[in-house]
Each structure stands twice: as C-alpha cells, then as structure tokens.
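Analysis of the macromolecular model
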Amino acid sequence: MKFVKLAVVSALTAGLVGGSIVARAAEEDRSLNTEGTVEFREADDDNNETVDPEPGPEEVIIPSTQQGAFAMAYVGNYDFGTRPNSALNQSYNAAAWWFDIDPDSEDYPEPDMDADWVNEAAGTAARPQFAQVRDLRSELTGWGLSVTQTDDFKAGSRVLTGAQITFKDASVQNTSNEEDALTIHKNGFTLMPKVTRTIMSASEDNGFGLSTVMWGSKQNFDYKDLDVKGHASNPAVQLHVPGSTRTYTDEAYKTTLDWTLTSTPGNIVEDTI
C-alpha cells in the first residue's frame, strides 16, 4: 500500500518545476473543406412516374399508360354510361374515373372515407378526366399533346349522327411549377370526328416534369347519376346527342380517341362551346 501512495506522489511531483506548474500549449481550431457532388442523366426508358391530379384528403395511385423520359404518363377511356332513349337533345356526363387510394401516402395519410368521391368498400376514389405528360429529357424542346376522334360513334353500321364530345372547366398543373409556360383551352373545346385538336402545349425549355390538364373537379360531380358505373359523373366532359338521331339499344356505340405527343410546341386554337 505504501508503494502505491509513493508512486502517486511522484507523479504529481513530476508536473512541478521550481515549485510552479508548466502550462501546456494552447488548443487550436482547425478546418478543412470537402465536396458533395451529384450529377443527373436523362430518365430511364422504364420511368413510369405519375401524379394524382386532385389529391386531398386522399391520394390515389395513377397507373402509367406509357413509360419513358418523354411520354404520355396518363390518358384514359371515356364512358358516358347507359342512357335511356330520348326524342330530345341530350347531354350526358362522362363517368368519373376511379383509382386505388394509396395506403402509404405520406402527404395524405388520413383519407376521409366518408367523402362523396370515395368508395370505402373498394378502397378507391373518383377523379375528373385528365391527360398527363411526362418530360424528363435532358433537352427541353417543348411539346404538344393532341387528340383525334378517328370517326363517329358507331354500333356496327349504325352511326350516332351529330354526337360530339365537349370539354370545359380546364385547369393546368406542373410538378416544376411551370404552369404559366403551359397552354390549354381556357374556353373549352369540342371534338369533331377526324379533326385533330391540340389540348396542351409547352414552349421550348419549359414543361419539365409531369404536366396535367384536368377538366372539372370531384367537388362538382353528379353523385346521383345512376346511369354510370360508380354513380358519379363529371359535367365538365359531356357527350351531346341530337334528339333527331335515332338510337338503338342492342349494342354499344363506340369511337376511338387517338392521342399523340410531339416534341415540338403545339398550337392551341380556342373555340366556343
């Protein structure tokens, strides 16, 4: 035990010189810079990104209709329901589009399952008709999205003479906040058979990301339309059928909408509906 005590005293004594404590060198702050780097390439050919055009309080999953850096991210089918014969001019709303609610949404984790546009049992929510373009190219040349109704509505050899689809109450969105650089039909437009209409356009060096033109809002749906699937229809997209056109009940009338995305800005021509 004495040896231990002496060793401790010796250690303390070693720090003394001439009865004073020797100060150690002052500490210094030293700095050094490093870099953080990231580079980007054009999106892959299998890119399938889409975005919900009208989220809140739920978010839906939009399935991609076309993959790639430059593509039609989503365009859909138009169903105007099963309507009763009529001798008068009629306007039929398009059935709302239904999509699966995203259960893993970070922005909208608490959907209102009692909302008119939500089908709780199916886990789906309704959305208005829209068209969405994806442009993730390295060179933004601008683009134009157009649609052509290839022919009249027909059921076999029978023609739904004079029937026309109209679009109104349009709004535009862009994930890069470039809405002001996108052009749409603010006054609405009418599709004519075999006539091409440009419906959304981006100028050169604009339109990056996901751009969407949407007609109407889920807030304005007719939720008592028993003649369409889901009983929700959109008055912003309608099929107008003259009363003078005879309709037959044994077969569905169909037409084809041909969508085209070009890598040059399109020309929007306004009309009145």
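Coordinates for the structure precede this section.
Heads up: these notes are all about the structure in this document. From a predicted model like this one, the values you see are computed outputs, not experimental measurements.

1. Comments concerning the environment of Tyr92
Within the secondary structure, Tyr92 sits in strand β4 (residues 90–95). Linking Tyr92 and Tyr223, residues 131 residues apart in sequence, is a C-alpha distance of 14 Å. Setting aside residues up to four positions removed in sequence, Tyr92 forms contacts with Phe80, Arg83, Pro84, Ser86, Val237, Gln238, Leu239 and Val241.

2. As for the nonpolar core
In terms of nonpolar packing, the biggest core is built from 50 residues, with Tyr78, Leu145, Ile199, Trp215 and Trp259 touching the most fellow members. When residues of this core are assigned to their parent elements, the largest contribution, 4 residues, is made by strand β18 (residues 233–241).

3. Notes on the sheet that holds strand β5 (residues 97–100)
Spatially, the 3 strands line up as an open sheet ordered β5-β7-β6, and their pairing is antiparallel. With one partner strand each, in any of the chains shown, β5 and β6 (118–119) form the two edges of the open sheet. By the bridge criterion, 4 bridges tie β5 to strand β7 (residues 124–127) in an arrangement that is antiparallel. Note that in β7 the partner of Trp98 across the bridge is Ala126.

4. Section: the pattern of salt bridges
Enumeration according to the criterion identifies 9 salt bridges in this entry. Asp225 serves as the salt-bridge partner of Arg83, at 3.0 Å between the closest nitrogen and oxygen. In this pair, Arg83 is assigned in the loop between β3 (70–74) and β4 and Asp225 in the loop between β17 (209–215) and β18, connecting sequence segments 142 residues apart. Given a relative accessible area of 21%, Arg83 falls into the partly exposed group. Here Asp225 falls in the buried class, since its relative accessible area comes to 8%. Note that Lys154 is salt-bridged to Asp151, the shortest N-O span being 3.1 Å.

5. Let's talk about unusual backbone geometry
Cis geometry marks the peptide bond from Gly56 to Pro57, where omega comes out at -5°. Looking at the secondary structure, you find Pro57 in the loop between β2 (20–21) and β3. If you check the backbone angles, Asp205 has positive phi at about 70° while not being a glycine. With respect to the helices, strands and loops of the structure, Asp205 is situated in the loop between β16 (196–202) and β17.

6. Considerations on a negative patch on the surface
A cluster of like negative charges, contributed by Glu42, Asp45, Asp46 and Glu139, occupies part of the molecular surface. Look at Asp45 and you get exposed, because its relative accessible area is 70%.

7. Observations regarding the side chain of Glu54
One can find Glu54 in the loop between β2 and β3. It turns out Glu54 is buried and unbridged, and the closest side chain with the opposite charge, Lys218, is 5.1 Å from it. A polar atom in the side chain of Glu54 sits 2.6 Å from the side chain of Ser217. Dropping the residues within four chain positions of it, Glu54 is found in contact with Arg127, Pro128, Met214, Ser217 and Lys218.

What counts, and where the lines are drawn
- Residues numbered from 1 in each chain as written.
- Predicted model: local features only at pLDDT ≥ 70, side-chain atom pairs only at ≥ 80, totals over all residues.
- Heavy atoms only, no water.
- Helix = DSSP H or I, 4+ residues; strand = E, 2+ residues; numbered from the N terminus.
- Contact = heavy atoms within 4.5 Å.
- Core = buried A, V, L, I, M, F, W, Y, C linked by side-chain atoms within 4.5 Å.
- Buried < 20%, exposed > 50% of the residue type's maximum accessible area, 1.4 Å probe, protein only.
- Pairing = 2+ DSSP bridges.
- Salt bridge = Lys/Arg side-chain N within 4 Å of Asp/Glu carboxyl O.
- Patch = residues over 30% accessible without salt bridge, like charges linked within 9 Å, V, L, I, M, F, W, Y side chains within 5 Å.
- Areas by Shrake-Rupley, 256 points an atom, 1.4 Å probe, with all protein chains shown as cover.
- Lys, Arg positive; Asp, Glu negative; His and termini not counted.
- Charge placed at Lys NZ, Arg CZ, Asp CG, Glu CD.
- Polar contact = N/O pair within 3.5 Å; in protein donor to acceptor, adjacent residues only side chain to side chain.

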